[in-house]
Amino acid sequence: MATLEGKTALVTGASRGIGRAIAERLAADGALVAVNYARDEAAAKEVVAAITTAGGRAFAVQARLGTEGDVDTLFAALDPGLREHGAAREIDILVNNAGVGAAITIEDVTPALYDEVFAVNTRATFFTTQRALSRLRDGGRIINITTGATRIAFPEAIAYAMTKGAIDTFTLALAQHLGPRGITVNNVAPGIIDTDMNADWLRGNADAEAHAASRAALGRVGRPDDVAAAVAFLASADGRWVTGTTIDATGGSHL
Ligand SMILES: NC(=O)c1ccc[n+]([C@@H]2O[C@H](COP(=O)([O-])OP(=O)(O)OC[C@H]3O[C@@H](n4cnc5c(N)ncnc54)[C@H](OP(=O)(O)O)[C@@H]3O)[C@@H](O)[C@H]2O)c1
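In this report, the structure presented in the accompanying data block is examined.

The rules behind the values
- Residues numbered from 1 in each chain as written.
- Predicted model: local features only at pLDDT ≥ 70, side-chain atom pairs only at ≥ 80, totals over all residues.
- Helix = DSSP H or I, 4+ residues; strand = E, 2+ residues; numbered from the N terminus.
- Rg over C-alpha atoms; globule rule 2.2 N^0.38 Å.
- Buried ≥ 20, exposed ≤ 12 C-beta atoms within 10 Å, placed from the backbone.
- Contact = placed C-beta atoms within 7 Å.
- Axes fitted to C-alpha atoms, helices over the stretch in contact; angles between N-to-C directions.
- Parallel < 35°, antiparallel > 145°, perpendicular 65-115°, else oblique.
- Left-handed = near helix turned anticlockwise from the far one by under 90°.
- Nonpolar A, V, L, I, M, F, W, Y, C, P; charged D, E, K, R; others polar.
- Near = placed C-beta within 6 Å.
- Expected span 1.5 Å × (residues − 1).
- Arc of directions from axis to C-beta.

1. A closer look at the overall build of the protein chain
Inference 1: Regarding its fold elements, the protein chain presents 8 helices and 7 strands.
Inference 2: The C-alpha radius of gyration of the protein chain comes to 17 Å, within 12% of the 18 Å expected for a compact globule of 255 residues.
Inference 3: Relative to its 255 residues, the protein chain shows a buried fraction of 45%.
Inference 4: Of all intrachain contacts in the protein chain linking residues separated by at least 6 positions in sequence, the fraction that spans at least 24 positions is 72%.

Pasting the structure below:
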């Protein structure tokens, strides 16, 4: 039996990149997975099709997080998908992965950009989790995707790094709060991963890739499935005694 058989997971921002890899991995491990996306319905449907073809179970859920009514939209769209798959309304695993980058130094950060990254990366994570609490089963998992840039100074994306620093604090406090219910709360902090978020400067640029690889002790750029593996550990029964902390999934960047 797969380790997550009978469990339900909600992964935000799962139509591409790291979120897609997490959705595919949790489904391969046996969970029914709700694949949230913001704009790209075709990509989300492709993720669901890939999971289904591989023998897993998933459905797509549209909600643009960080906008007015986002959490209402997300949870309203979740229920029909759960019913269609004969699943109860409770969930076991929430992965707050949806996020936007902002590779800008302090001089050029505008109030609008600051508000946008905080709305998606921090505010939506907070209120999605708040809404999930009443339907998260005891013994469940909350896993937030943060960044190595809260450990490693990264002024090139200062506001972005701050959005994730707030999540570090959120995770610490929430793990204490939810401990009595046996719910663990943790972060997975990726380093540089080959996704669309880094496509502009990384893909097809051998020098940039070599430089990025050189930052990691393990000597290469990370892949989405590297991050998904750490998430799968936390989601599994083997992760039961780990809470309130961060798994550094940077390949040992800037040790
Ligand atoms: N890539 C890295 O190097 C790296 C490093 C450290 C941390 N991270 C973190 O890892 C997470 C995933 O990053 P990624 O590189 O996989 O990003 P990505 O390739 O840009 O994919 C972003 C995903 O999030 C969704 N999304 C974006 N804005 C959303 C919103 N407002 N509401 C709901 N979904 C939204 C997108 O859906 P649509 O396709 O519908 O737009 C897409 O599925 C983020 O939290 C990011 O901060 C990434």
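Structure's up, so let's keep going.
2. What to know about the packing of helix α4 (residues 111–132) against helix α5 (residues 158–178)
Inference 1: Where α4 contacts α5, the two axes come as close as 9 Å, and the packing angle between them is 20°. Taken together, α4 and α5 sit at an angle that is classed as roughly parallel. For the crossing formed where α4 meets α5, the hand is right-handed. Of α5, the residues touching α4 (which contributes Leu 113, Tyr 114, Val 117, Phe 118, Asn 121, Thr 122, Thr 125 and Phe 126) are Ala 159, Tyr 160, Thr 163, Lys 164, Ala 166, Ile 167 and Phe 170.
Inference 2: Across the contact of α4 with α5, the residue classes tally to 10 nonpolar, 4 polar and 1 charged.

3. Considerations on the site of the ligand
Inference 1: Around the ligand lies a shell of 31 residues, among which Gly 13, Gly 17, Gly 99, Thr 195 and Met 197 are the nearest.
Inference 2: Counting only elements with at least two residues in the shell around the ligand, the list comes to α1 (17–28) and β2 (32–37).
Inference 3: When residues of the shell around the ligand are assigned to their parent elements, the largest contribution, 3 residues, is made by α1.
Inference 4: By residue class, the composition of the shell around the ligand is 14 nonpolar, 12 polar and 5 charged.

4. Notes on unusual backbone geometry
What is expected of a backbone is that most residues other than glycine have negative phi and most peptide bonds are trans.
Inference 1: A positive phi is found at His 254, a non-glycine position, where the angle reads about 50°.
Inference 2: Given 13 C-beta atoms within 10 Å, His 254 falls into the partly exposed group.

5. What to know about helix α3 (residues 70–84)
Each α-helix turn comprises 3.6 residues. Residues three or four places apart therefore point the same way.
Inference 1: Over its 15 residues, α3 extends 22 Å from the first C-alpha to the last, a length consistent with the 21 Å expected when each residue adds 1.5 Å.
Inference 2: Along α3, the positions that sit buried rather than exposed are Asp 70, Leu 74, Leu 78, Gly 81 and Leu 82. Looking straight down α3, one finds that the buried residues subtend no more than 100° of arc, so they occupy a single side. Opposite the buried face of α3, by more than 90 degrees, sit the exposed residues Asp 72, Ala 76, Pro 80, Arg 83 and Glu 84.
Inference 3: Turning to α3, the residues buried within the fold contact β1 (8–11), β2, β3 (57–62) and α4.
Inference 4: Positive phi shows up at Gly 86, right after α3, with a value of about 65°.

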